[in-house]
Amino acid sequence: MTTQTTIGKVAGIYRYPVKSMAGESLTEATLMSAGLLGDRAYALIDVETGRVVSAKSVKRFPDVLSCQASFVEPPSMAKPLPEVCITLPGGEQVCSADEDCDALLTKHFGRAVRLASSAPKDFTIDHYYPDVSGADPAGNADTTLAQPLGAALFEAMGADSPVSPEAFFDVFPLSVITTSTLDELTQAKPDSNFDQRRFRMNIVLSTSATGFIENDWIGTGLAVGDEARVMVTMADPRCVMTTLAQPGVEQDIDVLKTLVKQNRIQVGDAGLYPVAGVYAAVTGAGEIQVGDGVVSTGA
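Notes on the structure follow. Because the structure is predicted, anything quoted here is derived from the model rather than measured.

The rules behind each value
- Residues numbered from 1 in each chain as written.
- Predicted model: local features only at pLDDT ≥ 70, side-chain atom pairs only at ≥ 80, totals over all residues.
- Heavy atoms only, no water.
- Buried < 20%, exposed > 50% of the residue type's maximum accessible area, 1.4 Å probe, protein only.
- Helix = DSSP H or I, 4+ residues; strand = E, 2+ residues; numbered from the N terminus.
- Contact = heavy atoms within 4.5 Å.
- Disulfide = S-S within 2.5 Å.
- Pairing = 2+ DSSP bridges.
- Axes fitted to C-alpha atoms, helices over the stretch in contact; angles between N-to-C directions.
- Patch = residues over 30% accessible without salt bridge, like charges linked within 9 Å, V, L, I, M, F, W, Y side chains within 5 Å.
- Areas by Shrake-Rupley, 256 points an atom, 1.4 Å probe, with all protein chains shown as cover.
- Salt bridge = Lys/Arg side-chain N within 4 Å of Asp/Glu carboxyl O.
- Lys, Arg positive; Asp, Glu negative; His and termini not counted.
- Charge placed at Lys NZ, Arg CZ, Asp CG, Glu CD.

1. Focus: helix 2 (residues 150-157)
Side chains that are three or four residues apart share a direction in an α-helix, a result of its 3.6 residues per turn.
Reasoning step 1: Among the residues of helix 2, those classed as buried are Gly-150, Ala-151, Ala-152, Leu-153 and Phe-154.
Reasoning step 2: In this structure, the buried residues of helix 2 make contact with strand 11 (143-148).

2. Here's the deal with the state of the cysteines
Reasoning step 1: Per the stated rule, a full pass over the model turns up 1 disulfide.
Reasoning step 2: Across the disulfide, Cys-85 is cross-linked to Cys-95 (sulfur-sulfur distance 2.0 Å). Handedness of the Cys-85-Cys-95 disulfide follows from its S-S torsion of about 105 degrees: it is right-handed. Here Cys-85, found in strand 7 (residues 84-87), pairs with Cys-95, found in strand 8 (residues 93-95); they are 10 residues apart in sequence, far enough to count as distant. Taken as a pair, Cys-85 and Cys-95 share a single burial class, namely buried.
Reasoning step 3: No disulfide involves Cys-67; its nearest neighbouring cysteine sulfur is the one of Cys-101, lying 11 Å away.
Reasoning step 4: Owing to a relative accessible area of 0%, Cys-67 belongs among the buried residues under this scheme.
Reasoning step 5: The closest cysteine sulfur to the non-disulfide-bonded Cys-239 is located on Cys-67, 18 Å from its own sulfur.
Reasoning step 6: On the accessibility criterion, Cys-239 (15% relative accessible area) is buried.

3. Looking at the sheet that holds strand 3 (residues 28-32)
Reasoning step 1: Spatially, the 3 strands line up as an open sheet ordered 4-3-18, and their pairing is antiparallel. The two strands at the open ends of the sheet, each matched to only one other strand, are strand 4 (35-36) and strand 18 (286-289).
Reasoning step 2: Here strand 3 runs beside strand 4; their pairing, made up of 2 bridges, is antiparallel. When the sheet's bridge partners are listed, Leu-31 is paired in strand 4 with Leu-36.

4. Considerations on the sheet that holds strand 8
Reasoning step 1: What the 3 strands build is an open sheet, ordered 6-7-8; its pairing is antiparallel. The sheet is open, and its two edges are formed by strand 6 (68-71) and strand 8, each paired on a single side. Averaged over all neighbouring strand pairs, the angle between strand axes comes to 25 degrees, with direction disregarded.
Reasoning step 2: As paired strands, strand 6 and strand 7 are joined by 4 bridges and run antiparallel to one another. Looking at the pairing, Phe-71 lines up with Val-84 of strand 7.

5. As for a negative patch on the surface
Reasoning step 1: On the surface, a cluster of negative charge is made up of Glu-28, Asp-226, Glu-227 and Glu-287.
Reasoning step 2: Within the secondary structure, Glu-287 sits in strand 18.
Reasoning step 3: According to the relative accessible area criterion, Glu-287 is partly exposed, its value standing at 45%.

6. What about helix 4 (residues 254-262)?
Reasoning step 1: Turning to helix 4, its buried residues are Val-255, Leu-256, Thr-258, Leu-259 and Val-260.
Reasoning step 2: Looking at the buried positions of helix 4, the neighbouring elements they touch are helix 3 (179-188), strand 16 (264-266) and strand 17 (272-284).

7. Some points on the pattern of salt bridges
Reasoning step 1: The final tally for this structure, using the stated rule, is 12 salt bridges.
Reasoning step 2: A salt bridge links Arg-51 to Asp-126, with the nearest nitrogen and oxygen atoms 2.5 Å apart. Taken together, the residues Arg-51 in the loop between strand 5 (43-46) and strand 6 and Asp-126 in strand 10 (residues 124-129) connect sequence positions 75 residues apart.
Reasoning step 3: The class for Arg-51 is partly exposed, based on a relative accessible area of 28%.

8. Some words on the side chain of Thr-242
Reasoning step 1: Relative to the helices and strands, Thr-242 resides in the loop between strand 15 (228-237) and helix 4.
Reasoning step 2: Apart from the residues within four sequence positions on either side, Thr-242 is in contact with Arg-198, Phe-199, Val-255, Leu-256 and Leu-259.

9. What about the environment of Gly-139?
Reasoning step 1: Note that Gly-139 resides in the loop between strand 10 and strand 11.
Reasoning step 2: Residue classification places Gly-139 among the exposed positions, given a relative accessible area of 55%.
Reasoning step 3: Expressed as a C-alpha distance, the spacing of Gly-139 and Tyr-129, which sit 10 residues apart in the sequence, is 9.2 Å.

10. Quick notes on unusual backbone geometry
Reasoning step 1: For Ser-20, which is not glycine, the phi dihedral falls at a positive 75 degrees.
Reasoning step 2: Within the secondary structure, Ser-20 sits in the loop between strand 1 (5-15) and strand 2 (24-26).

11. Examining the environment of Ala-285
Reasoning step 1: Its location among the elements puts Ala-285 in the loop between strand 17 and strand 18.
Reasoning step 2: Beyond its immediate chain neighbours, meaning those up to four positions away, Ala-285 contacts Leu-31, Met-32, Glu-227 and Ala-228.

12. Considerations on the pairing of strand 15
Consecutive residues of a regular strand have side chains that alternate between opposite faces of the sheet.
Reasoning step 1: Inspection of the sheet shows strand 14 (residues 221-224) paired to strand 15 by 4 bridges, in the antiparallel sense. Of the residues in strand 15, the one forming a bridge with Leu-222 is Val-230.
Reasoning step 2: Hairpin connection from strand 14 to strand 15: 3 residues lie between these consecutive antiparallel strands, with Gly-225 at a positive phi of about 70 degrees.
Reasoning step 3: Bridge analysis of strand 15 against strand 17 gives 7 bridges, and the strand direction is antiparallel. Bridge pairing links Pro-237 to Val-275 in strand 17.

Following this line, the structure appears as structure tokens:
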């Protein structure tokens, strides 16, 4: 018999129409096998390198997190994805339907870029590793390396991909974090701001337990509201992205250092990583909304 345990409630739902840009806070959303409808639907491509633009490419795209992306209307299962508009840090707005969209984005970033709705076959980013001891099991520090992601990552590993070849997800289509984890980090380093925006999660759960409770969820199912079901697949390794500045959040390398000190665990066969939150696969589609109860359905 499966034991069901109430975990908490959905406190926030977040969709990121353009990869690595600020996203949208939602009160409700459609959860599909491919993730939240409209999440990471677009990304910028660096024309020179062919690589997907990421905030992890801090040397070349230092302010991509300060760009705000939003759909002009809510996405619907019955229609093609709507136009996306990007508000640049200075307030100028660029929309995907604009003839000069790529030219305006190129001018802003000072590098030739194009807005794409499908990932390249060799989906790769430039990933900067900061000089933080213990942050990377391979020991990379103060260096930038090419990193395959999404379906390209799983192909390199010789494994089946949980995301489609066109998707811009790093690893899995859904991410979840709890207030328990955010509170635990804040207590460990009160001078740092562990704003949930640093972690770019799809779902934030309000929980009353203490500690990094998501670490114990790997391999278990969650019921979100009446319909949606997900399977927690792995802990979410953390990197330089958590330390970067964005509107209302200052740059702070101590965020990553605190994660290394407080929650560095084994992630599969990849080694010890600082983690916060978890990745998940969607096993049952459905509508979710803020306030929905979340129940663990067991392994």
